[in-house]
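Chain by chain, the residues:
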Amino acid sequence: MKARVTIDRDVAIGDTHERLFGAFVEHLGRCVYGGIYEPGHPEADEKGFRKDVLALVKELAPTIMRYPGGNFVSGYNWEDGVGPVEHRPRRLDLAWMSTEPNTFGTNEFINWCRAAEIEPMLAVNLGTRGADAARNLVEYCNHPGGTYWSDLRRSHGWEAPHDVKFWCLGNEVDGPWQMEHKTAQEYGRVATESAKMMKWTDPSLELAACGSSARNMPTFGAWEREVLEHTFDHVEFMSLHTYLNNYAEDMPSFLASADLMDSFIEEVVAIVDSVAAARRSSKRIMLSFDEWNVWYRTRGKKEGRTIPGWPVAPPILEEVYTMGDALAFGGACISLLNHADRVKAACLAQLVNAIAPIMTETGGPAWRQTIFYPFAHMSNLGRGRVLRAHVDSPSYATNYYDPRGTQEHRFAMPAVPYLKCAAVHDRKGGFITLFLLNRHLSEDLELELEVRGMGELAVDTCHQLHHPDLDAVNSRDNPTEVQPVALADAHIQGGRLSATLRQASWNVIRLRAA
Ligand code: AHR
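Figured I'd write up the structure that's included with this text. Just so it is clear, the model here is predicted, and its values are computed rather than measured.

Moving on, we get to the side chain of Asn 438. Position of Asn 438 among the secondary structure elements: in strand β20 (residues 431-438). In this structure the side chain of Asn 438 is engaged in a polar contact, spanning 3.1 Å, whose partner is the backbone oxygen of Glu 443. Contact partners of Asn 438, with chain neighbours within four places excluded, come to Met 1, Tyr 418, Glu 443, Asp 444, Leu 445, Leu 501, Arg 502, Gln 503, Ala 504 and Ser 505.

What follows covers the site of the ligand. Around the ligand, the neighbouring residues are Glu 26, Gly 70, Asn 71, Trp 96, Asn 171, Glu 172, Tyr 243, Glu 291, Trp 295, Gln 350 and Ile 355. The separation between an oxygen atom of the ligand and a polar main-chain atom of Asn 71 is 2.9 Å. Its residues assigned to classes, the shell around the ligand shows four nonpolar, four polar and three charged.

Scanning the model with the defined rule gives 23 aromatic pairs in all. Ring centres of Tyr 67 and Phe 109 lie 4.2 Å apart, and the angle between their planes is 10°; this geometry places the pair in the stacked category. Of this pair, Tyr 67 sits in strand β4 (residues 64-67) while Phe 109 is found in helix α2 (residues 106-116), placing the two residues 42 residues apart along the sequence. Summarising the burial analysis for this pair, Tyr 67 and Phe 109 share the class buried. Considering the side-chain rings of Phe 254 and Tyr 296, the 5.6 Å spacing of their centres and the 70° angle between planes classify their relative orientation as edge-to-face.

The strands making up a sheet associate through hydrogen bonds between their backbones, and the pairing can be parallel or antiparallel. With respect to topology, six strands assemble into an open sheet ordered β2-β15-β19-β20-β25-β22, the strand pairing being antiparallel. The open sheet terminates on both sides in strands that have one partner only, identified here as β2 (12-15) and β22 (457-465). Strand after strand, the sheet turns through a mean of 20° between neighbouring axes, direction not considered. With three bridges joining them, β2 and strand β15 (residues 385-387) adopt antiparallel strand pairing. Residue pairing in the sheet places Gly 14 in a bridge with Val 386 of β15.

This brings us to unusual backbone geometry. The amide bond that connects Gly 69 to the next residue, Gly 70, takes the cis arrangement and shows omega of 15°. Assignment of secondary structure puts Gly 70 in the loop between β4 and β5 (91-93). Each neighbour pair has its own omega, and for Ala 349 with Gln 350 the value is 0°, a cis peptide bond. By secondary structure assignment, the location of Gln 350 is in the loop between β12 (343-349) and β13 (358-360).

Position of Thr 192 among the secondary structure elements: in helix α5 (residues 184-201). Apart from residues lying up to four places away in sequence, Thr 192 is in contact with His 230, Thr 231 and His 234.

Pairing analysis gives seven bridges linking strand β1 (residues 2-8) to strand β21 (residues 445-452), with the strands arranged parallel. Residue pairing across strands places Thr 6 opposite Glu 450, the latter belonging to β21. Bridging between β21 and strand β24 (residues 496-501) involves six bridges; their strand directions are antiparallel. Looking across to β24, one finds that Glu 448 is bridged to Ser 498.

What follows is about the pairing of strand β11 (residues 286-294). Across the nine residues of β11, eight count as buried, placing the element largely inside the fold. In the sheet, strand β10 (residues 237-244) pairs with β11 via seven bridges, with the strands oriented parallel. Bridging across to β11, Phe 237 finds its partner in Met 286. Looking at chain direction, β11 and β12 are connected through four bridges and run parallel. Along β12, the bridge assignment pairs Ser 288 with Ala 345.

Right, let's get into the nonpolar core. The nonpolar side chains of a soluble globular protein tend to be buried, and buried together. Of all hydrophobic cores here, the largest spans 149 residues; its most connected members are Trp 112, Trp 167, Leu 169, Tyr 187, Phe 289, Trp 292 and Leu 351. No other element matches the 11 residues that helix α8 (residues 258-278) contributes to this core. Every residue in contact with Trp 167, bar those within four places of it in the chain, is listed here: Leu 122, Val 124, Leu 137, Val 138, Cys 141, Asn 142, Met 198, Leu 205, Glu 206, Leu 207 and Ala 208. Core analysis: the second largest hydrophobic core is formed by 25 residues, Cys 421, Leu 449, Leu 457 and Leu 487 among them.

This part is about the sheet that holds β24. With respect to topology, five strands assemble into an open sheet ordered β16-β1-β21-β24-β23, the strand pairing being mixed. Strand pairing shows two members of the sheet lacking a second neighbour, β16 (390-392) and β23 (490-493), which therefore form its edges. Averaged over all neighbouring strand pairs, the angle between strand axes comes to 15°, with direction disregarded.

What counts, and where the lines are drawn
- Residues numbered from 1 in each chain as written.
- Predicted model: local features only at pLDDT ≥ 70, side-chain atom pairs only at ≥ 80, totals over all residues.
- Heavy atoms only, no water.
- Helix = DSSP H or I, 4+ residues; strand = E, 2+ residues; numbered from the N terminus.
- Polar contact = N/O pair within 3.5 Å; in protein donor to acceptor, adjacent residues only side chain to side chain.
- Contact = heavy atoms within 4.5 Å.
- Near = heavy atom within 4 Å.
- Nonpolar A, V, L, I, M, F, W, Y, C, P; charged D, E, K, R; others polar.
- Phe/Tyr/Trp six-rings, centres within 6.5 Å; stacked < 30°, edge-to-face > 60°.
- Buried < 20%, exposed > 50% of the residue type's maximum accessible area, 1.4 Å probe, protein only.
- Pairing = 2+ DSSP bridges.
- Axes fitted to C-alpha atoms, helices over the stretch in contact; angles between N-to-C directions.
- Core = buried A, V, L, I, M, F, W, Y, C linked by side-chain atoms within 4.5 Å.

Set out below in structure tokens:
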């Protein structure tokens, strides 16, 4: 099978924003406790942060971290998580049916972000709480001092403001699984009032309103429009969430599903721009894809994915990712890069243990899951100007089955190209980096790629993620079963690259000036 790709230095989609490469830490299962934070672990530092996890996080290279939820935030009293640890209350968490000990809270999260050199992104509770608690949290975090909440922060040991810029106005408020789920009108009102008061407290904030929690929610589209009609003047972003699934055990369809993220993004752009047009406004609402991943094995009804007895940090949602999952995940990375002009923030959900690229054993080691690699490649090598790739590839037809949301969907996909790719020009470093997914399960792909306007180029580095068994996984005892290898078969001459992309493989080829 052969595919041809053309890119031109001067034909660009847009520049990637630093925040495109974010991830997510929720009080969920063992993401916080036993994940990033485990006092008493042999690898824990004096703050209780696991240094082995921090080292993997640095290698993964997320740039912004969303916290504390997710579903959890819709019942969270942020005040429970600050101040002397011995006075913090234990609470029932109705999102994940567990006990929240509150020994880790906002200040610990900020400390962890500083240690990891990652920008914090905070979500406020617009489920059980509202504008008042939200503006108090902004004052606590960002006001220098001399007021009740800012002085409380200082008395807790954080003299300097945290200076958190990016805030989410609630989480998945359209979903009936959410605590105090709302209609678009109810949410539009509370989000507007919260946004006003948060920005009066700190005008430098950037705010994201909740979009639909999935593209197949019955209210998708109408929800975005109505919410934005309320919030348009007060927010900079609208959020999107997607979890790719292989419930149907249909690998071609699963690998095609990332293309639905492209459609989702383009539809949300159309909606937010139509709201702007109706107002004759030149303001452009950007997209925050603040939850995305592959997730299906540990999904399903709340009763099925929680553990009875209100445990602390139960081992829930511990999806073990396969080689096949890493391919679908790579497709999602390419979708995000190819919409760098409008998706200005994105968060892989999540970071450790719960649907995560990094796994740990409580008291034991940490290791990389298969999905770790496409993300690390994208974040470390994918920053710059995304070029518009013209792809001429054989394609296949499929139907993607998605039972998510309150209604099942089957998406007809009549022409899915076997090759999915993105090209990023790092103008400072002088690199062109190609992200290439061969979705054919049994045929290698002979790639011919022409780079126009760059002069003579040489192959700098190549990485290929491939395993003959699409069910292969990494585990505690075999943490390197699936890992990238150097791709030997890539050559370039006169701006024409040829490479063989193995069947069912994720490939990254970096070119530099010769
Ligand atoms: O990331 C897991 C959960 O998925 C989040 O808590 C929620 O926002 C989404 O439904």
